[in-house]
Number of protein chains: 2
Amino acid sequence: MEALKQKILKDGRALNEQVLLVDSFLNHQVDAKLMAQVGEEFARLFANQGITRIMTVESSGIAPAAMTALGMGLPLVIMKKSSSRILSDDTLQTQVHSFTKNSDYQLTVKRKYIHPGDRVLVIDDFLANGEAAFGAARLIEEAGATVAGIGIVIEKAFQPGGRRLAEAGYKVISLARVAKMAENHIEFCD
Amino acid sequence: MEALKQKILKDGRALNEQVLLVDSFLNHQVDAKLMAQVGEEFARLFANQGITRIMTVESSGIAPAAMTALGMGLPLVIMKKSSSRILSDDTLQTQVHSFTKNSDYQLTVKRKYIHPGDRVLVIDDFLANGEAAFGAARLIEEAGATVAGIGIVIEKAFQPGGRRLAEAGYKVISLARVAKMAENHIEFCD
């Protein structure tokens, strides 16, 4: 998505080979107009695939996921991050490791907001190692629903998440794929 | 806002005199179309007041705040909740008490996303005791900016937050004001 790539080059900042700061338009300050364009692009890319529900992981995925839900006329479900285990029959939960924070959290969703037969589009702001996306997929499949697709705003394609998800059979579309970074230097794939 | 009140009556659930569950359309599952209407309503209600920036507190406020930012053509800034103090010159932080969770958190924003002279509209999903809104106002004023208004999706008007904020001089507009609740019974103000 060209407008997104241009925004990353203009306002994003590579701190080093690993860390990309995009908190000026994606995850602290949010460019709502760009997020609406992102939502429309996901709606176009995942049209006609029988999707019934959008899901994301709090909290940086919420803005692009809400715009996607609006564009597709579907409900959004926000999976919550909890530090403690919830033992309850009406809740699905799985442990996810965050490499960024070097800690684990419990990804949680109420059963009543995901149904057997649902075809779910997972939207998230970033894909690096893929831990959050795999966690979301585990909860969706435990509910008897299907992961119809995974839409990512920015993929760090030099990390293994995209390849691991594709190998597991998931359809992943990333709007911007970063091939390589160095301090103040960003290169996209293609 | 009539569509919101009807949605609360249809899909909300009063557990008792204090607890209103709206997680089927506002804070776990999200009705994106209703949130877009909420955003348009805030844009209308706070038009022509020189507002320069929308701010919210993660994470339930993000969807309505993103739609408001889109409706007003303004940037959104998400204040983060942190469990630990961050000591850094580029960050503003204040302690907020959550009555819901009976614990404190550190509300945090990077200085570069709020400027002296900004006129800020604070959007949040719920107003009860007003602790989060007062915390947001402290950070905004510490940055040398002004709280131009506070837009709330649902106010529990039987709790003191709305009155306390008004007494402190803030302009608060709530789209739905709940006067009174009992198990499976909800009454609005007016």
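Note: the structure precedes this text.
Quantities reported herein were computed from a predicted structural model and do not represent experimental measurements. (Residues numbered from 1 in each chain as written. Chains lettered and ligands numbered in written order. Predicted model: local features only at pLDDT ≥ 70, side-chain atom pairs only at ≥ 80, totals over all residues. Heavy atoms only, no water.)

1. Regarding the pairing of strand 6 (residues 91–98) of chain B
Residue and element names in this part refer to chain B. Within strand 6, six of the eight residues are buried, which leaves the element mostly enclosed by the surrounding structure. Relative to strand 7 (residues 103–110), strand 6 is paired through eight bridges, and the arrangement is antiparallel. Within the sheet, the bridge partner assigned to Val96 lies in strand 7 and is Tyr105. Two successive antiparallel strands, strand 6 and strand 7, enclose a turn made up of four residues, where Asn102 displays a positive phi of approximately 50°. (Buried < 20%, exposed > 50% of the residue type's maximum accessible area, 1.4 Å probe, protein only. Helix = DSSP H or I, 4+ residues; strand = E, 2+ residues; numbered from the N terminus. Pairing = 2+ DSSP bridges.)

2. Some thoughts on the interface of chain B and chain A
Each side of the interface is counted separately: chain B has 30 residues, and chain A has 30 residues. Both faces combined, the contact of chain B with chain A buries some 2400 Å², and carbon together with sulfur accounts for 60% of it. When the buried surface of chain B facing chain A is broken down by residue, His28(B), Gln29(B) and Tyr113(B) rank first, second and third, together holding 27% of it. The interface formed by chain B and chain A contains two salt bridges. Summed over the shared surface of chain B and chain A, the result is 18 residue pairs in polar contact (both at pLDDT 80 or more). Secondary-structure elements contributing two or more residues to the side of chain B that touches chain A are strand 3 (29–30), helix 2 (32–45), helix 3 (62–72), strand 5 (76–82) and strand 7 of chain B. With six residues, the single largest contributor to the side of chain B that touches chain A is helix 3 of chain B. Across the side of chain B that touches chain A, the residue classes tally to 16 nonpolar, seven polar and seven charged. (Contact = heavy atoms within 4.5 Å. Buried area = accessible area lost by both parts, 1.4 Å probe. Salt bridge = Lys/Arg side-chain N within 4 Å of Asp/Glu carboxyl O. Polar contact = N/O pair within 3.5 Å; in protein donor to acceptor, adjacent residues only side chain to side chain. Nonpolar A, V, L, I, M, F, W, Y, C, P; charged D, E, K, R; others polar.)

3. Brief notes about the nonpolar core
Ile54(A) and Ile54(B) are the most contacted members of the largest nonpolar core, which has 75 residues in total. In this structure Ile54(B) touches Ala65(B), Thr68(B), Ala69(B), Met72(B), Leu74(B), Pro75(B), Leu76(B), Val77(B), Leu121(B) and Ile123(B), once residues within four positions along its chain are discounted. Grouped together as the second largest cluster of nonpolar side chains are 28 residues, Val77(A), Ile114(A), Ala143(A) and Val147(A) included. (Core = buried A, V, L, I, M, F, W, Y, C linked by side-chain atoms within 4.5 Å.)

4. Observations concerning the side chain of Asp125(A)
All names here are of chain A. Positionally, Asp125 belongs in strand 8 (residues 119–127). Within the buried core, Asp125 has no salt-bridge partner, and the shortest N-O distance to an opposite charge, that of Lys81, equals 7.5 Å. Residues in contact with Asp125, not counting those within four places in the same chain, are Leu26, Asn27, Ser60, Gly61, Ile152, Val153 and Ile154. (Lys, Arg positive; Asp, Glu negative; His and termini not counted.)

5. A few points about the relation of the copies chain B and chain A
For the pair chain B and chain A, the superposition axis carries a translation of 0.0 Å, the fit reaches an RMSD of 0.0 Å, and the rotation angle comes to 180°. Both copies of the chain, as the preceding transformation shows, are related through a two-fold rotation axis. When you check the interface residues of chain B against chain A, 100% turn up at the interface there too, and the contact is symmetric in its surfaces. (Least-squares fit on C-alpha atoms with pLDDT ≥ 70 in both.)

6. Regarding the side chain of Ser98(A)
By secondary structure assignment, the location of Ser98(A) is in strand 6 (residues 91–98). Here Lys101(A) takes part through its backbone nitrogen, which lies 3.1 Å from a polar atom of the side chain of Ser98(A).

7. Concerning the packing of aromatic side chains
Residues and elements named next belong to chain B. Under the criterion given, the structure shown has four aromatic pairs over all chains. On the numbers, 6.4 Å between centres and 40° between planes, the contact of Phe42 with Phe46 is tilted. There is no split in this pair, since Phe42 and Phe46 are both buried. When the ring centre of Phe188 is taken as reference, the NZ or CZ atom of Lys5 above it lies at 5.8 Å. Taking NZ or CZ as reference, Lys81 lies 5.1 Å from the ring centre of Tyr105, over its face. (Phe/Tyr/Trp six-rings, centres within 6.5 Å; stacked < 30°, edge-to-face > 60°. Lys NZ or Arg CZ within 6 Å of the ring centre and 35° of its normal.)

8. Concerning the pattern of salt bridges
In a structure, side chains of opposite charge can pair up when their charged atoms sit close to one another. Here the structure, examined in full by the defined rule, presents 20 salt bridges over all chains. Residue Asp23(A) pairs with Lys110(B) through a salt bridge whose shortest N-O separation is 2.5 Å. One end of the pair, Asp23(A), is in the loop between strand 2 (20–21) and strand 3 (29–30); the other, Lys110(B), is in strand 7, on a second chain. For Asp23(A), a relative accessible area of 9% gives the class buried. Taking the relative accessible area as the measure of exposure, Lys110(B) reaches 23% and is therefore partly exposed. Salt-bridge contacts for Arg164(A) lead to Glu131(A); the nearest nitrogen and oxygen are separated by 3.1 Å. Of the two residues, Arg164(A) is situated in helix 5 (residues 161–167) and Glu131(A) in helix 4 (residues 131–142); the sequence distance between them amounts to 33 residues. A single salt-bridge network, built from bridges that share partners, covers Lys7(A), Lys10(A), Asp11(A) and Asp31(A).

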